Amino acid sequence: MDRKKNIIRVEDAEYGVDSRYKSNKERESDASALLEKRLIKMGYLPKNQIIRAKLMQLKFKMDDYLKEPVYDGQNYFSKFLETYIDTIYSKRSGFAKDIDITPVRLSQVINNHREPKDEFIMKLMIHSERVYTNVCEFHKKTWFQVYFHEKICDTMSRQEEWLPKIGKHVKISESMV
Amino acid sequence: MTIVEISTGRRHTIEISSVESHEFKFLGKNRYFFDWNIEKNQEVYKLCMTESSDILGLISLERIPSEWRIHIRLLTVSTENKGNEKKYDKIAGNLIAHAAKIAVAEFGEFACVSLRPKSQIAQHYIDKYDMSVTGMTLSIEVPEILNLINYYDHG
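As the structure is a prediction and not an experimental result, all values here were calculated from the model.

Visitor: Would you mind going over the overall build of chain A with me for this structure?
Guide: Scanning chain A from terminus to terminus reveals nine helices and one strand. Along its sequence from the N terminus, chain A presents helices and strands in the succession α-β-α-α-α-α-α-α-α-α. Taking 16 Å as the expected radius of gyration for a compact globule of 177 residues, we find that chain A reaches 25 Å, considerably beyond that expectation. Dimensions of chain A along its principal axes, counting C-alpha atoms only, are 85 × 50 × 30 Å. Each of the 177 residues in chain A was classed as buried or not, and the buried ones make up 35%. In chain A, the share of contacts with a sequence separation of at least 24, taken over all contacts with a separation of at least 6, comes to 64%.

Given below as structure tokens:
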């Protein structure tokens, strides 16, 4: 009878799994043993796997950012770009060389002193498509989406600043009816 | 992300999203093993086929940032998808992969998803999801967690 019960349980291993901790003591004892084991494992984690995890994390953060409007005035494109480069390269000049731009130009884009040109984003698109091949699915249009999403959010959040001034120069002279 | 219809082998695209507060009253023991109302204040996700509102699986999570860990509190497939007679495959796997994605997005290279199933079914999770054992707890970390995400993203 017990054996039969066990067989049914294994077949239904994904139906009704209760994994909640029953007490704080249980939770704490599990947590310390698990953390200790994980820290040992992390110590042996190869560099390429760390980079892989960080790149996947970046991809998820970009995907999350694109899900809805964000009006906090932060420079997401340059922030994501900085994370991307610093994850892969020991020196940013190495990335600049790989996409055939000067380190000064790259620094200006990262520090928001200059807008990235289309060509810059296209190079970034090609670069990341190659880098992500062995990491996870990464859509080539992501960088452009992030860039324009930020532009749209920024423009919409600053309407009070630009609308009165720009609006004065807009009229509709043709009859619409 | 897809699930597989066992009888035809056909793949169906799925979506995983948060359970809305008004939906909890429909998530009873009969179809989803637990009365999910008890998880109303937790982070609970549902799995549905795209363009369908029928819930095929549920997962409840606890974020533990101090340990870079996401702990699975409750997990279930709907009753018609359990055991050997199940209609669709890969429901639980997609839900675990969803937890794994949250862990990687939050904690990067430190990401971990843990589960504390009854000992009779622990081996299933070790074999199927490449989880490792620490005492009573099963867990998955980098690099296995990245492989799990890719497997279910491409599946």
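Visitor: Just to check I follow, could you spell out the overall build of chain B for this structure?
Guide: Summing up its helical and strand segments, chain B has four helices and nine strands in all. When the elements of chain B are put in sequence order from the N terminus, they spell out β-β-α-β-β-β-β-α-β-α-β-β-α. Here the C-alpha radius of gyration of chain B, 15 Å, is about what a compact globule of 155 residues would show, namely 15 Å. Once the C-alpha set of chain B is aligned to its principal axes, its extents read approximately 35 × 35 × 30 Å.

Visitor: Looking at this model, I keep getting lost on the interface of chain B and chain A. Mind explaining?
Guide: How large an interface is tends to be reported as the accessible area lost when its parts come together. Of the residues lining the interface, 61 residues belong to chain B; the matching set on chain A comes to 39 residues. Taken together, both faces of the contact between chain B and chain A bury some 4300 Å²; the carbon and sulfur share is 55%. Counting the contacts that link chain B with chain A gives eight salt bridges. A salt bridge links Glu14(A) to Lys128(B), with the shortest nitrogen-to-oxygen separation between them at 3.5 Å. Broken down by element, the side of chain B that touches chain A gets its largest block of residues, eight residues, from strand β5 (residues 69-77) of chain B. Among the residues making up the side of chain B that touches chain A, the classes are represented as 25 nonpolar, 18 polar and 18 charged. Note: strand β1 (residues 17-18) of chain A against β5(B), two bridges, orientation antiparallel. Bridge pairing links Asp18(A) to Leu74(B) in β5(B).

Visitor: Explain helix α7 (residues 118-131) of chain A here, please?
Guide: Quick reminder: α-helices carry 3.6 residues per turn. Residues three or four places apart thus point the same way. Residue and element names in this part refer to chain A. Taking 1.5 Å per residue, 14 residues should reach 20 Å; α7 reaches 20 Å between its end C-alpha atoms and fits that length. Of the residues making up α7, those classed as buried are Phe120, Ile121, Leu124, Met125, His127 and Ser128. On its buried face, α7 is in contact with α4 (76-88), α5 (92-98), α6 (103-110) and α8 (142-157).

Visitor: Sorry if this is basic, but what is going on with empty space enclosed by the protein here?
Guide: To locate leftover empty space, one rolls a probe as large as a water molecule over the atoms. Under the counting rule described, the total for this entry stands at one cavity of 30 Å³ or more. Put simply, the largest cavity is a space of about 70 Å³. The wall of the largest cavity is formed by Arg38(A), Lys41(A), Met42(A), Leu45(A), Glu109(B), Phe110(B), Ala111(B), Glu141(B) and Val142(B).

Visitor: Just checking my understanding: could you explain the packing of aromatic side chains for this structure?
Guide: In this description, an aromatic ring pair is defined by two values, namely the gap between the centres and the angle between the planes. Residues and elements named next belong to chain A. Scanning the entire structure with this criterion turns up 18 aromatic pairs over all chains. Note on Tyr76 and Phe80: the rings are 6.0 Å apart at their centroids and 45° apart in plane angle, and the pair reads as tilted. With Tyr76 and Phe80 both in helix α4 and four residues apart, the pair spans about one turn of that helix. Like Tyr76, the residue Phe80 is buried in the burial classification. Aromatic side chains Phe77 and Tyr147 sit 5.5 Å apart centroid to centroid with 80° between the ring planes, which places their arrangement in the edge-to-face category. Separated by 70 residues along the polypeptide, Phe77 in helix α4 and Tyr147 in helix α8 bring together distant segments of the chain. Looking at Tyr147, the relative accessible area reads 11%, which means it is buried. Counting every residue linked through ring pairs, the aromatic cluster contains Phe77, Tyr84, Tyr89, Phe95, Trp143, Phe144, Tyr147 and Phe148.

Visitor: Sorry, what's going on with the pattern of salt bridges here?
Guide: Side chains carrying opposite charge are able to pair once their charged atoms draw close together. Summed over the entire model, instances satisfying the criterion amount to 27 salt bridges over all chains. Residue Lys86(B) is joined to Asp89(B) by a salt bridge in which the shortest nitrogen-to-oxygen separation is 3.1 Å. With a relative accessible area of 21%, Lys86(B) lands in the partly exposed category. One network of salt bridges, with partners in common, ties together Asp18(A), Arg20(A), Glu39(B) and Arg73(B).

Criteria and cut-off values
Residues numbered from 1 in each chain as written. Chains lettered and ligands numbered in written order. Predicted model: local features only at pLDDT ≥ 70, side-chain atom pairs only at ≥ 80, totals over all residues. Heavy atoms only, no water. Helix = DSSP H or I, 4+ residues; strand = E, 2+ residues; numbered from the N terminus. Rg over C-alpha atoms; globule rule 2.2 N^0.38 Å. Buried < 20%, exposed > 50% of the residue type's maximum accessible area, 1.4 Å probe, protein only. Contact = heavy atoms within 4.5 Å. Buried area = accessible area lost by both parts, 1.4 Å probe. Salt bridge = Lys/Arg side-chain N within 4 Å of Asp/Glu carboxyl O. Nonpolar A, V, L, I, M, F, W, Y, C, P; charged D, E, K, R; others polar. Pairing = 2+ DSSP bridges. Expected span 1.5 Å × (residues − 1). 1 Å grid on protein atoms, 1.4 Å probe; cavity = no way out; pocket = protein on both sides within 12 Å on 5 of 7 lines; lining within 4 Å. Points joined across faces, edges and corners; volume = space filled by probe spheres on them. Phe/Tyr/Trp six-rings, centres within 6.5 Å; stacked < 30°, edge-to-face > 60°.

Coordinates in, geometry out; function isn't part of it.
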